[in-house]
Amino acid sequence: MTRHILWQAILALLGMALVFIVVFQLATTSPPEVTTVELRAAGGAYVEGVLGFSDTLNPIYAAPMVAGNPVDQDLSSLVFDGLTKRDEIGRLVPALASDWEVSEDGTQYEFRLREDVLWHDGAPLTAADVAFTVQAIQDPGYQGDASLAQLWRNVTVEQVDRYTLRFTLVEPFPSFLQYTVIGILPSHLLSNVSAADLPYHDFSNVNPVGTGMFVVEQVTEDQVILVANPEYWGPKPNLERVEFWFYSDWAGLVEDYQRGAIQGLHPSDLEQLAELKKLPGLQFYSAESAGYALVYLNLKEEETLPFFQQVEVRQALLYALDRQGLVDSVLNGQGLVAHSPILPMMWAHDPGVRAYGYDPERAIGLLDASGWMDSDGDLIRDKEGAELAFTLLTSDDPSLAAMAGEMVRQWRAVGVAATIRAVSSDAAIYFVRNRNFDAALVEIELSADPDPYPLWHSTQAETGQNFAGFANDAADVVMEEARRTVDREQRRELYYAFQQIFAEEVPSLLVYYPIYVYAVDERLRDVQLSPLLHTSDRFRNIHQWYYVETEEVVISETGELDNTDE
């Protein structure tokens, strides 16, 4: 009996010890560490919401160097390739052409094509395709941009061999290379289609065949779906698909983003941008875009606007504007103060060009020295019976209207009276084109070509785009010489000279370079936005874009991630 009780006591003690050991082990053992990591996802589809619709999928109707539907130009940039393409600062680099040579007199351009390029249907690219594309633009039945047709009709194209062709110009035109970025068409599919019928052909609307990084898989009224081209001659994209969804209203676009249907948006104004910044999950990218805002001064009306004839007055008007303050307060910082009509992103831009800072005291001094004084005490300067007063035309765009109001206030502080005339955007364009304004605050878009001739040469003052009526012999000479000069460095020097003349003469008041903002899902990585010569340049490195996905993993005792299944 005693021995039985003893064994029971021993077993009880052993049980208590075992429980103690287990409890101690549980108390001293840390739970496994779990962390969340980002892993690169394979493939994936990027869906972009677009405010607008596509009109054509044919690149000769959506050339990036002329005004056109940006939706069509975006699609064309992904589906078709040109002989050349632009890099981040507007230089032309090889695309379908492996290289090219320019004759000493600048009238002949000989291109050698890559020999490894296939159309989306598997046919090889040849010089015949390039020749066909040029001839389609030259054809009297071509229904695209008239200025584009006029340029190419002055060019003779010759097939030297299967992969070589030669362009001959009537006279030197160094900017010609800028036009070789136009997407090339397949002659084997379209040679029997007339230029007049081409806009209505299935190729141009639902079934295009290009050589680009992406292939058109499906076209509907509301969507265009692209898939990666497995035979692409250049770097293969990480993404499997790129889709464009079209919207007639901004609210519907934002709603689809919120429900996860789209991953990319590009707001067109500050109100839309402010709305997007309140939404979770977006990453914002911004870059300088190709254009500038300026106040055109009507230099042709010498009798009614005599003060604009004096360079000191024009300089004073610029000194009187706090342009950085305007950008910060009106545009919420979405702009850069402009000092040159040639964009900073371009190779021809002069970084040392004269800059006008905000200096109202200097503005007052210049106005006094030029004889514009307040002789009657009404706080408006006058001279020989004429008041320094004018009307400032602008559109009813909220940003431009607000900026015009602030400009008027700042000019009034130095004795200049300006009255705002706000009209619709279409009306503003009409009045500017017809030179029916005193001064006009507008925002203009520029091409990748830095040539200022179309905008500022005196021959363009009557019917061209020189809306200010600027006429300066020295400026005309350097612009003309730059158009005849093939050597790039010599052209750069001539463009520098033009910019210095412009800065001294101030034929109009440069205000700011606009900023383009792109919003994409934060899971989409390696999006890089360099200065945009065209909005489609946001896809310049699309082959590098990829998605990441998150996953919870356990960290093992060695400190390594343990992804093994249990």
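Here is what the cut-offs are and how they apply
- Residues numbered from 1 in each chain as written.
- Predicted model: local features only at pLDDT ≥ 70, side-chain atom pairs only at ≥ 80, totals over all residues.
- Heavy atoms only, no water.
- Pairing = 2+ DSSP bridges.
- Helix = DSSP H or I, 4+ residues; strand = E, 2+ residues; numbered from the N terminus.
- Core = buried A, V, L, I, M, F, W, Y, C linked by side-chain atoms within 4.5 Å.
- Buried < 20%, exposed > 50% of the residue type's maximum accessible area, 1.4 Å probe, protein only.
- Contact = heavy atoms within 4.5 Å.
- pLDDT = per-residue confidence, 0-100.
- Expected span 1.5 Å × (residues − 1).
- Polar contact = N/O pair within 3.5 Å; in protein donor to acceptor, adjacent residues only side chain to side chain.
- Salt bridge = Lys/Arg side-chain N within 4 Å of Asp/Glu carboxyl O.
- Axes fitted to C-alpha atoms, helices over the stretch in contact; angles between N-to-C directions.
- Parallel < 35°, antiparallel > 145°, perpendicular 65-115°, else oblique.
- Left-handed = near helix turned anticlockwise from the far one by under 90°.
- Phe/Tyr/Trp six-rings, centres within 6.5 Å; stacked < 30°, edge-to-face > 60°.

Participant: Which residues make up the pairing of strand β10 (residues 223-228), and what values do they have?
Facilitator: With five bridges joining them, strand β9 (residues 214-219) and β10 adopt antiparallel strand pairing. Following the sheet pairing, V219 is matched in β10 by V224. In textbook terms, the turn of a hairpin is the stretch between consecutive antiparallel strands, and for β9 and β10 this stretch comprises three residues. The pairing of β10 with strand β11 (residues 241-247) spans five bridges and is classified as antiparallel. Following the sheet pairing, Q223 is matched in β11 by W245.

Participant: Can you lay out the nonpolar core for me, pointing to particular residues and giving the numbers?
Facilitator: Judged by nonpolar contacts, the single largest core of 82 residues is most densely connected at Y292, Y296, W411 and W456. Excluding its chain neighbours within four sequence positions, the residues that come into contact with W411 are L317, A320, L321, F390, L392, V416, A418 and L509. In terms of nonpolar packing, the next biggest core, distinct from the first, is built from 81 residues, I137, I182, Y516 and Y547 among them.

Participant: Before we move on, can you summarise the confidence of the model for the chain with the specific residues and values?
Facilitator: Within the chain, residue pLDDT values average 91, and 90% of them lie at 70 or more. Confidence drops under a pLDDT of 50 for residues 1-24, and excluding neighbours within four residues, the segment shows zero contacts in the predicted structure.

Participant: Talk me through unusual backbone geometry; I want residue IDs and the actual numbers.
Facilitator: Its identity is not glycine, yet N332 carries a phi of approximately 55°, on the positive side. Mapping N332 onto the fold places it in the loop between α10 (323-330) and β15 (335-337). The backbone of D526 sits at a positive phi, close to 70°, despite the residue not being glycine. As for its placement among the helices and strands, D526 is situated in the loop between β22 (524-525) and β23 (546-555).

Participant: Summarise helix α12 (residues 398-412); cite the residues concerned and give the values.
Facilitator: Spanning 15 residues, α12 covers 21 Å between terminal C-alpha atoms, matching the ideal 21 Å at 1.5 Å per step. Capping the start of α12 is the job of one residue whose side-chain oxygen sits 3.1 Å from the backbone nitrogen of S399: D397.

Participant: Would you mind going over the pattern of salt bridges in detail, with residue names and values included?
Facilitator: Opposite charge on two side chains lets them pair, provided their charged atoms get close. Scanning all chains against the criterion turns up 21 salt bridges. A salt bridge links R492 to E489, with the shortest nitrogen-to-oxygen separation between them at 3.0 Å. With R492 and E489 both in helix α16 (residues 488-505) and three residues apart, this pair spans about one turn of that helix. Residue E489 is classed as partly exposed on the basis of its relative accessible area of 42%. D521 is the salt-bridge partner of R523, the closest N and O atoms lying 2.9 Å from each other. Look at D521 and you get buried, because its relative accessible area is 9%.

Participant: So what's going on with the packing of helix α15 (residues 473-484) against α16? Residues and values would help.
Facilitator: Closest axis-to-axis distance for the α15/α16 pair is 9 Å, and the angle between their directions is 160°. The pairing of α15 with α16 is recorded here as roughly antiparallel in orientation. In terms of crossing hand, the pair formed by α15 and α16 is left-handed. Contacts between α15 and α16 pair A474, A475, V478, M479, E481 and A482 from the former with R491, L494, Y495, A497, F498 and I501 from the latter.

Participant: Which residues make up the packing of aromatic side chains, and what values go with them?
Facilitator: When we look at a pair of aromatic rings, we describe it by the centre distance and by the angle of the planes. Evaluated as defined, the whole model comprises 30 aromatic pairs. Summarising the aromatic geometry, the rings of Y296 and W456 are spaced 6.2 Å apart at their centres and angled 50° between planes, so their arrangement reads as tilted. Pair noted here: Y296 is in strand β14 (residues 291-297) and W456 is in helix α14 (residues 453-456), with a separation of 160 residues, a long-range link. Taken as a pair, Y296 and W456 share a single burial class, namely buried. Between Y518 and W545, the aromatic rings sit 6.4 Å apart at their centres with planes inclined by 45°, giving tilted as the arrangement. Within this pair, whereas Y518 is found in strand β21 (residues 508-521), its partner W545 is found in the loop between β22 and β23, the two being separated by 27 residues in sequence.

Participant: Account for the sheet that holds strand β8 (residues 164-169), naming residues and giving values.
Facilitator: Read across the open sheet, the four strands follow the order β5-β6-β8-β7; overall the sheet is antiparallel. Strand pairing shows two members of the sheet lacking a second neighbour, β5 (97-102) and β7 (155-161), which therefore form its edges. Ignoring which end each strand starts from, the neighbouring axes of this sheet average 20° apart. Here strand β6 (residues 108-113) runs beside β8; their pairing, made up of five bridges, is antiparallel. Looking across to β8, one finds that E110 is bridged to R166. Where helix α3 (residues 127-138) meets the sheet, its contacts fall on β6, β7 and β8, and the angle it forms with β7 comes to roughly 165°.

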